[in-house]
Amino acid sequence: MPIGCWLRKAVLLTLSFMLVSVAYSPHPASANASPVQGFHVSGTNLLDATGAPFVMRGINHAHTWFKNDLETAIPAIAATGSNTVRVVLSNGSRWTADSLADVERILALCDQYQLTVMLEVHDATGSDSLAELKKASDYFISIKQALIGKEDRVIVNIANEWYGSWSTDVWAAGYQQVIPELRQAGIRNTLVVDTAGWGQYPTAIFDKGLDVFNSDPLANTIFSIHMYEYAGGNAATVKNNIDQALAIGVPVIVGEFGFQHTSGDVDEATIMSYAQQKGVGWLAWSWYGNGGGVEYLDLNNGPAGALTNWGQTVVNGPNGTQQTSVLNRIYTMPGYQPVPAT
């Protein structure tokens, strides 16, 4: 073979090999392809962005009715040892809407005080209207700029106590509709779904919770029971509701509870002790400002006042926040750097 032909063939073979190598050699993922670091579900555990189990211990704060008290209330809540604050928001259907700027201010302040935030829309409370659930979901989509990039410190409770009826099918169908819409909008935060019956009908979780969970393409949804006189009235009820909810293989929290309620007593001691035993999160209702005959549910005598007897139980009791709360490890792990949302 003439040397010129040999050289041409050698060059062509080398180029071909280089092209094949480029096509098939592995490359590190680009920044745009990096996963978003954040809370995520693993079996019946909620893990934080460092991979450690995160068990919520905290307080509900009715921000939307006391907007001017934010800078006073949040530091006081942090001082209780809580690792989470559940913040009441409004989408404007029933109360004055909390704007994107309002939400950004809330999140910045809570971050300063190392509080994980669960945001919830309260306007759909007790409603059976799918339109009201959709309004709550659309509200979160409208403020998604505040949520994206904070998946490691912000959790989204889609709608407080949506679906007042004690039944399951419409409740499940509603969430199976809105959860994919939230994901399609780019919201990757852990989602929380309150059960039916004003949050006190956990049978909805037992029967159709897995269907709702499977509607989330990110498999990053947890469930919440509100334990008042029906869902938390005695020790057997509390334990049964927690056990059966966990039995579907997805995390559950007690998103609200008190020590009594309109129609009867609540076994708060079992809620707190059994939740500690089972690694289940809880958020007590509520910091202050209750009315309508349930003023006894105030944990505090104002945005930064003295604890009530109920507050002493939640904060300083044997299973209270001071004894059992562990901060989100993003705030305590040396060198932690969040992976930005893309």
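Residues numbered from 1 in each chain as written. Predicted model: local features only at pLDDT ≥ 70, side-chain atom pairs only at ≥ 80, totals over all residues. Heavy atoms only, no water.

(A) How the structure looks around the sheet that holds strand 5 (residues 116-121). Within the closed barrel, the eight strands sit side by side as 3-4-5-6-7-8-9-12. Their pairing is parallel. Adjacent strand axes in the sheet meet at a mean angle of 25 degrees, parallel and antiparallel pairs treated alike. Relative to strand 12 (residues 281-284), strand 9 (residues 252-257) is paired through two bridges, and the arrangement is parallel. The residue bridging Val 254 from the neighbouring strand is Trp 282, located in strand 12. Strand contacts of helix 9 (residues 268-278): strand 3 (57-61), strand 8 (221-227), strand 9 and strand 12, with the helix running at about 155 degrees to strand 9, the strand carrying the most contacts. (Pairing = 2+ DSSP bridges. Helix = DSSP H or I, 4+ residues; strand = E, 2+ residues; numbered from the N terminus. Axes fitted to C-alpha atoms, helices over the stretch in contact; angles between N-to-C directions. Contact = heavy atoms within 4.5 Å.)

(B) Here's a closer look at the pattern of salt bridges. Per the counting criterion, the structure on display carries 13 salt bridges. In this structure, Lys 134 and Asp 138 form a salt bridge, with 3.1 Å as the shortest nitrogen-oxygen distance. With Lys 134 and Asp 138 both in helix 4 (residues 130-142), this residue pair falls four residues apart, about one helical turn. Classification of Lys 134 as partly exposed rests on a relative accessible area of 26%. Ionic pairing is found between Asp 169 and Lys 208, a salt bridge with its closest N-O pair at 2.8 Å. On the criterion of sequence distance, the pair formed by Asp 169 in helix 6 (residues 169-184) and Lys 208 in helix 7 (residues 203-214) is long-range, its members being 39 residues apart. Relative accessible area serves as the criterion here: at 52%, Asp 169 is assigned to the exposed category. Looking at Lys 208, the relative accessible area reads 25%, which means it is partly exposed. (Salt bridge = Lys/Arg side-chain N within 4 Å of Asp/Glu carboxyl O. Buried < 20%, exposed > 50% of the residue type's maximum accessible area, 1.4 Å probe, protein only.)

(C) Geometry of the packing of helix 4 against helix 6. Helix 6 packs onto helix 4 with a crossing angle of 15 degrees between their chain directions and a minimal axis gap of 10 Å. Taken together, the axis directions place helix 4 and helix 6 in an arrangement best described as roughly parallel. As for the relative orientation of helix 4 and helix 6, their crossing is right-handed in sense. Taking contact as the criterion, the partners of Leu 130, Leu 133, Lys 134, Ser 137, Phe 140 and Ile 141 in helix 4 are, on helix 6, Gly 174, Tyr 175, Gln 177, Val 178, Glu 181 and Leu 182. (Parallel < 35°, antiparallel > 145°, perpendicular 65-115°, else oblique. Left-handed = near helix turned anticlockwise from the far one by under 90°.)

(D) The arrangement of the nonpolar core in detail. Grouped together as the largest cluster of nonpolar side chains are 92 residues, with contacts concentrated most on Leu 119, Phe 140, Trp 171, Tyr 175 and Phe 223. Not counting residues within four places of it along the chain, the set of residues in contact with Leu 119 comprises Val 87, Leu 89, Val 103, Leu 107, Phe 140, Leu 147, Val 154, Ile 155, Val 156 and Asn 157. (Core = buried A, V, L, I, M, F, W, Y, C linked by side-chain atoms within 4.5 Å.)

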